[in-house]
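# Observations on chain architecture
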Amino acid sequence: MNMTWDLDILYKGYDDPKYNEDIKKAEELIKKIVALSLELNVESAKECIEKELKLEEEFNSIILELYTYSSLRSSTNVNDTEALMQMAKLSMMLNETVAPSVKFQKFLLGVDLDALAKESEIIKTYRFILNNQKESASHMLSEKEEVLASKLSLVGSNSWSDLQSNLTSNLMIKVEGFSEEMPLSAARNLAYSPDQLVRKNAYIAELNAYKKIDASVAMALNNIKREVNIMMPLRGYKNALEKTLKQSHMSIDTLNAMIDAIKEEAPRFRDYFKLKAKALGYKGSLPFYEIFAPIGSFTKEYSFEDAKNEVLSVYKSFSEPLYEMGKKAFENRWIDVLPKEGKVGGAFCAGLDNHVESRILTNFTGALSDVQTLAHELGHAYHGQVVQQNAPLN
């Protein structure tokens, strides 16, 4: 079974004529978006908003195709300089939409969207998005300031984030008992090993490896948060939490209720870990490297073929459409499977909305948790398939 994903459905490379055609289309659409922003008029609000939404539908479809291709390439190799250069180019293109976006969102402040939604089907379809844009407009800076902030973030928080990703993806770890160095994601997966010594050695090796990059990663994280803390009061938010809650459509009461529930149930979780420590032969508390240790005699290590069969078997017992989608994902190379140097850690699912497909990244090493992760990410892919019935911007 091929262990890397196939991105040809997007583009066959940067020399693919389709890629260059889509770049030109995106550039033309940006010109149209900019032109429309100069023609916004409250008296013809319905027509202006309808034109804007149709342009956004078309532009989003193309720019997502372009950006997703480079993003997926770089996620399996953070040292792919060609992909990084293309993402930088696309980011600069997107910056050209900041000014017209600010104009449009501030224009919405003077519009009765509920009344227009009764007259226009497309406005009715996107009323939720439009209301969010209208609310966000009240926290916007001036047009020039928003453009400046967007450009500075490219060399600010975005670059710090790229640095953190590059450092952790290229970090190789030498675990005692293993002949070769391994990527961070592979070392972390050893926390699920049935061998107590392997778990402990992997944990110690991971902590030691961090010493090579800890100062740089700390600086990256601190500067990302510093940018947030600088921008929030300028936008009229009390703090970053207020902005996050609004973006998540959540009240502070809901958040506090969730936190209270966690605090209330935490003692049960601690009791579980005390019992696990006892089961593993510890007299005191459970060492951190034993949190994910398997209990009992189950020591099965899964091949990717085993994992595929296990996931599809469970899917089939639950839902035929889910099973069919999972089968298609394995057969058509939707999944990039194994950890390697330069590949980002963890796992994710990226939707290819124009193709009703997804691409899934995992760092599979054969633990049961890796099988569960695979099932989880394929679940996102199924969600992506189901929501295709929605209008594009939704």
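As a reminder, the structure under discussion sits directly above these lines.
Let us look at the structure shown here. (Residues numbered from 1 in each chain as written. Predicted model: local features only at pLDDT ≥ 70, side-chain atom pairs only at ≥ 80, totals over all residues. Heavy atoms only, no water.)

### Observations regarding the sheet that holds strand β5 (residues 357-361)
- With mixed pairing, the 3 strands of this open sheet are ordered in space as β3-β5-β4. In this open sheet, the two strands that pair with only one neighbour each are β3 (335-336) and β4 (348-352).
- Bridge count for β3 against β5 is 2 bridges, and the pairing is parallel. Considered in β5, the bridge of isoleucine 335 is made with isoleucine 360. (Pairing = 2+ DSSP bridges. Helix = DSSP H or I, 4+ residues; strand = E, 2+ residues; numbered from the N terminus.)

### Details of the nonpolar core
- Tyr19, Ala26, Phe59, Leu66, Tyr69, Leu72 and Leu90 are the most contacted members of the largest nonpolar core, which has 27 residues in total.
- Those elements that provide at least two residues to this core are α1 (17-37), α2 (45-76), α3 (81-95) and β4.
- Excluding its chain neighbours within four sequence positions, the residues that come into contact with tyrosine 19 are Tyr11, Gly13, Tyr14, Leu66, Tyr69, Ser70, Gln86 and Leu90.
- Counting residues in each nonpolar core, the second largest holds 20 residues, with Ala307, Val311, Leu322 and Ile360 among its members. (Core = buried A, V, L, I, M, F, W, Y, C linked by side-chain atoms within 4.5 Å. Buried < 20%, exposed > 50% of the residue type's maximum accessible area, 1.4 Å probe, protein only. Contact = heavy atoms within 4.5 Å.)

### Digging into the pairing of β5
- Within β5, 5 of the 5 residues are buried, which leaves the element mostly enclosed by the surrounding structure.
- A two-sided burial pattern is seen for β5, the buried positions comprising Glu357, Arg359 and Leu361 on one face and Ser358 and Ile360 on the other.
- As paired elements, β4 and β5 share 5 bridges and run antiparallel to each other. The residue bridging glycine 351 from the neighbouring strand is serine 358, located in β5.
- Adjacent in sequence and paired antiparallel, β4 and β5 are bridged by 4 residues, among which valine 356 carries a positive phi angle near 50°.

### Here's the deal with the environment of glycine 296
- Residue placement: glycine 296 occurs in the loop between α14 (252-279) and α15 (304-318).
- Of the residues examined, glycine 296 reaches a relative accessible area of 64% and is grouped as exposed.
- Between the alpha carbons of glycine 296 and threonine 4 there is a distance of 34 Å; along the sequence they are 292 residues apart.

### Considering the packing of helix α4 (residues 98-108) against helix α7 (residues 127-137)
- Contact geometry for α4 and α7: axes closest at 8 Å, N-to-C directions at 95°. One finds that α4 runs roughly perpendicular with respect to α7. Each of Phe104, Gln105, Lys106 and Leu108 in α4 lies in contact with α7, whose residues at this interface are Leu130, Gln133, Lys134, Ser136 and Ala137.
- Residues that form the contact of α4 with α7 fall into these classes: 4 nonpolar, 3 polar and 2 charged. (Axes fitted to C-alpha atoms, helices over the stretch in contact; angles between N-to-C directions. Parallel < 35°, antiparallel > 145°, perpendicular 65-115°, else oblique. Nonpolar A, V, L, I, M, F, W, Y, C, P; charged D, E, K, R; others polar.)

### Comments concerning unusual backbone geometry
- Positive phi, close to 55°, is recorded for histidine 249, a residue that is not glycine.
- On the secondary structure map, histidine 249 appears in the loop between α13 (240-247) and α14.

### Some words on the pattern of salt bridges
- Tallying each qualifying case throughout the model produces 21 salt bridges.
- Among the ionic pairs, lysine 31 bridges to glutamate 28, the shortest N-O distance being 3.5 Å. Placement of the pair is lysine 31 and glutamate 28 together in helix α1, with a separation of 3 residues, close to one helical turn. (Salt bridge = Lys/Arg side-chain N within 4 Å of Asp/Glu carboxyl O.)

### Some points on helix α11 (residues 196-210)
- Relative to the 21 Å expected for 15 residues at 1.5 Å per residue, α11 spans 22 Å between its end C-alpha atoms, a close match to the ideal helical length.
- Listed in full, the buried residues belonging to α11 are Val198, Arg199, Asn201, Ala202, Ala205, Glu206 and Ala209.
- Lining the buried residues of α11 we find β1 (172-173) and α10 (184-189).
- Of the residues that open α11, the one with a side-chain oxygen 2.9 Å from the backbone nitrogen of leucine 197 is aspartate 195. (Expected span 1.5 Å × (residues − 1). Polar contact = N/O pair within 3.5 Å; in protein donor to acceptor, adjacent residues only side chain to side chain.)

### Structural notes on helix α17 (residues 368-386)
- Counted at 1.5 Å a residue, the expected span for α17 with its 19 residues is 27 Å, and the 27 Å between its end C-alpha atoms agrees.
- Of all the residues in α17, the buried ones are Ser369, Asp370, Val371, Leu374, Glu377, Leu378 and Ala381.
- Contacts made by the buried residues of α17 are with α10, α15, α16 (320-331), β3, β4 and β5.

### Section: a nonpolar patch on the surface
- A grouping of Leu148, Leu152 and Val155 is seen on the molecular surface, where their side chains present a nonpolar patch of about 310 Å² in accessible area.
- Tracing the sequence through the fold places leucine 148 in helix α8 (residues 143-155). (Patch = residues over 30% accessible without salt bridge, like charges linked within 9 Å, V, L, I, M, F, W, Y side chains within 5 Å. Areas by Shrake-Rupley, 256 points an atom, 1.4 Å probe, with all protein chains shown as cover.)

### As for the environment of glutamine 196
- Summarising the element assignment, glutamine 196 is placed in helix α11.
- Taking the relative accessible area as the measure of exposure, glutamine 196 reaches 32% and is therefore partly exposed.
- Separated by 93 residues in sequence, glutamine 196 and tyrosine 289 place their C-alpha atoms 8.9 Å apart.

### Focus: the packing of aromatic side chains
- Enumeration over the complete set of coordinates arrives at 15 aromatic pairs.
- Note on tyrosine 192 and phenylalanine 292: the rings are 5.2 Å apart at their centroids and 35° apart in plane angle, and the pair reads as tilted. With a gap of 100 residues between them, tyrosine 192 in the loop between α10 and α11 and phenylalanine 292 in the loop between α14 and α15 connect regions that are remote in the sequence.
- With a centroid separation of 6.4 Å and an interplanar angle of 20°, the aromatic rings of phenylalanine 269 and tyrosine 272 are classed as stacked. (Phe/Tyr/Trp six-rings, centres within 6.5 Å; stacked < 30°, edge-to-face > 60°.)

### Some thoughts on the side chain of threonine 97
- Its location among the elements puts threonine 97 in the loop between α3 and α4.
- Residue classification places threonine 97 among the buried residues on the basis of a relative accessible area of 15%.
- One polar contact links the side chain of threonine 97 to the main-chain carbonyl oxygen of leucine 94, over a distance of 2.6 Å.
- Threonine 97 has contacts with Ile30 and Phe59, leaving out every residue within four places of it along the chain.

### Quick notes on the environment of glutamate 320
- Looking at where glutamate 320 falls in the secondary structure, it is placed in helix α16.
- Expressed as a C-alpha distance, the spacing of glutamate 320 and histidine 380, which sit 60 residues apart in the sequence, is 16 Å.

### Considerations on the packing of α4 against α8
- Interhelical geometry of α4 versus α8 gives an angle of 140° and a closest axis separation of 9 Å. Overall, the two elements α4 and α8 adopt an arrangement that is oblique. Judged by the twist between their axes, the crossing of α4 over α8 is right-handed. Residues Val98, Ala99, Val102 and Lys103 of α4 form the contact with α8, whose own contacting residues are Glu143, Glu146, Val147 and Ser150.
- Looking at side-chain class alone, the contact of α4 with α8 contains 4 nonpolar, 1 polar and 3 charged residues. (Left-handed = near helix turned anticlockwise from the far one by under 90°.)

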